[in-house]
Amino acid sequence: MNNNILVTSFLICLTLRYSSCSIIRRSVQGRASARDATKWMNLPDGDNWNIPYVMEGVNINAQVAIRYAINDFHETTCLRFIPRTTEKYFVKFVDDRGCYAQIGRRVDKPNTLSVSEGCEHKGIVLHELMHTIGFYHEQARPDRDDYISIVKENIMEYQEHNFKKLDESKVESFGIPYDVLSIMHYPSGAFSSNGKDTIQGVNGEKLTGMQQENLSSSDIEQVNRMYNCQNLMTNATWESTNSSSTDTSVLGNTADNCKDKHSKCGVFAQRGRCKRRRNWMSTNCPKACGTC
């Protein structure tokens, strides 16, 4: 599998995500990073990695969504999306009939990331940017059967390929376990032929707490480990979310171990992230947020 694979999308007017329509992506990959994807580690800037970008022909709503998504990466990772000047490798945001992106940095031409009408939501752009920096879909992880079950009889005809698992040799999870709250996880009703769930808990229970709006705590941690973000990685032990989880949590935030894992936790708290990014902050900055 090469890093130029295209992850395409189509628009289904259901109620899985936004008020009237949902973007469901067609791909057979999973959130764990691609072992053979080319990382954006060619433009170091101190402890950060710069990723140049341009916007070509995207509407104003798409521009707003792109900037919000970029800001989320800036606040939680060492990736910095910067306006392109003359850089050879860059991300080109376009309006090209859907939401799609390539996996990892391309080496032959710029990366294309399409944000068309119906795709102008921060969560969708976050999802596609995760593809761009080298991540696949979560439910295609090799260990997914330990956490979810796929209901094949509810899947649209000819769409079962979207639920294939990746081989272990194709992915690297950096020690981060399965997360149903990942921005890279399909919603429970993805590709449903009858309105019933296509993804359930391992014992057939309904999945709860799923979301497609923000990077989860484990998404952020995995990005930081993949890109060796030294000041942002944690050394905590991570737990997988299961079908009844509503939070992605890290073990160890007890009264006897109430300490922040990042030097900027105080600054983050002052900026209001304890409320805006409750899950990530309670995991990594419990003392600053007063949650332990």
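Before any of the text, the structure's been laid out above.
We now turn to the structure provided with this report. These figures come from a predicted structure and were not determined experimentally.

## What to know about the overall build of the protein
Now for step 1: Secondary structure assignment for the protein yields seven helices and 12 strands.
Now for step 2: Every one of the 292 residues in the protein was classed for burial, and the buried ones make up 53%.
Now for step 3: Of all intrachain contacts in the protein linking residues separated by at least 6 positions in sequence, the fraction that spans at least 24 positions is 73%.
Now for step 4: Of the roughly 12800 Å² of accessible surface on the protein, a fraction of 46% belongs to carbon and sulfur atoms.

## Describing the side chain of Thr-198
Now for step 1: Its place among the elements puts Thr-198 in the loop between β11 (171-172) and β12 (199-201).
Now for step 2: Discounting residues that sit within four places of it in the chain, Thr-198 has contacts with Ser-149, Ile-150, Val-151, Asn-154, Ile-155, Phe-163, Ser-188, Gly-189, Ala-190, Phe-191 and Ser-192.

## Remarks on the state of the cysteines
Now for step 1: Tallied over the entire structure, the rule returns three disulfides.
Now for step 2: A sulfur-sulfur separation of 2.0 Å characterises the disulfide bridge that pairs Cys-78 with Cys-229. Its torsion about the S-S bond being -65°, the disulfide of Cys-78 and Cys-229 is classed as left-handed. Of this pair, Cys-78 sits in the loop between α1 (60-76) and β6 (79-83) while Cys-229 sits in the loop between α3 (217-226) and α4 (265-270), placing them 151 residues apart in sequence. When sorted by exposure, Cys-78 lands in the same class as Cys-229, which is buried.

## Here's the deal with the environment of Ala-140
Now for step 1: Along the polypeptide, Ala-140 turns up in the loop between α2 (122-132) and β10 (148-150).
Now for step 2: Put simply, Ala-140 and Lys-165 are 25 residues apart on the chain and 4.2 Å apart in space, counted from C-alpha to C-alpha.

## Remarks on a nonpolar patch on the surface
Now for step 1: Taken together, Ile-60, Val-64 and Tyr-68 make up a surface patch of nonpolar side chains, about 310 Å² in accessible area.
Now for step 2: Examined against the element boundaries, Val-64 turns out to sit in helix α1.
Now for step 3: Val-64 gets classed as partly exposed once you look at its relative accessible area, which sits at 39%.

Cut-off values and rules
- Residues numbered from 1 in each chain as written.
- Predicted model: local features only at pLDDT ≥ 70, side-chain atom pairs only at ≥ 80, totals over all residues.
- Heavy atoms only, no water.
- Helix = DSSP H or I, 4+ residues; strand = E, 2+ residues; numbered from the N terminus.
- Buried < 20%, exposed > 50% of the residue type's maximum accessible area, 1.4 Å probe, protein only.
- Contact = heavy atoms within 4.5 Å.
- Areas by Shrake-Rupley, 256 points an atom, 1.4 Å probe, with all protein chains shown as cover.
- Disulfide = S-S within 2.5 Å.
- Patch = residues over 30% accessible without salt bridge, like charges linked within 9 Å, V, L, I, M, F, W, Y side chains within 5 Å.
- Salt bridge = Lys/Arg side-chain N within 4 Å of Asp/Glu carboxyl O.

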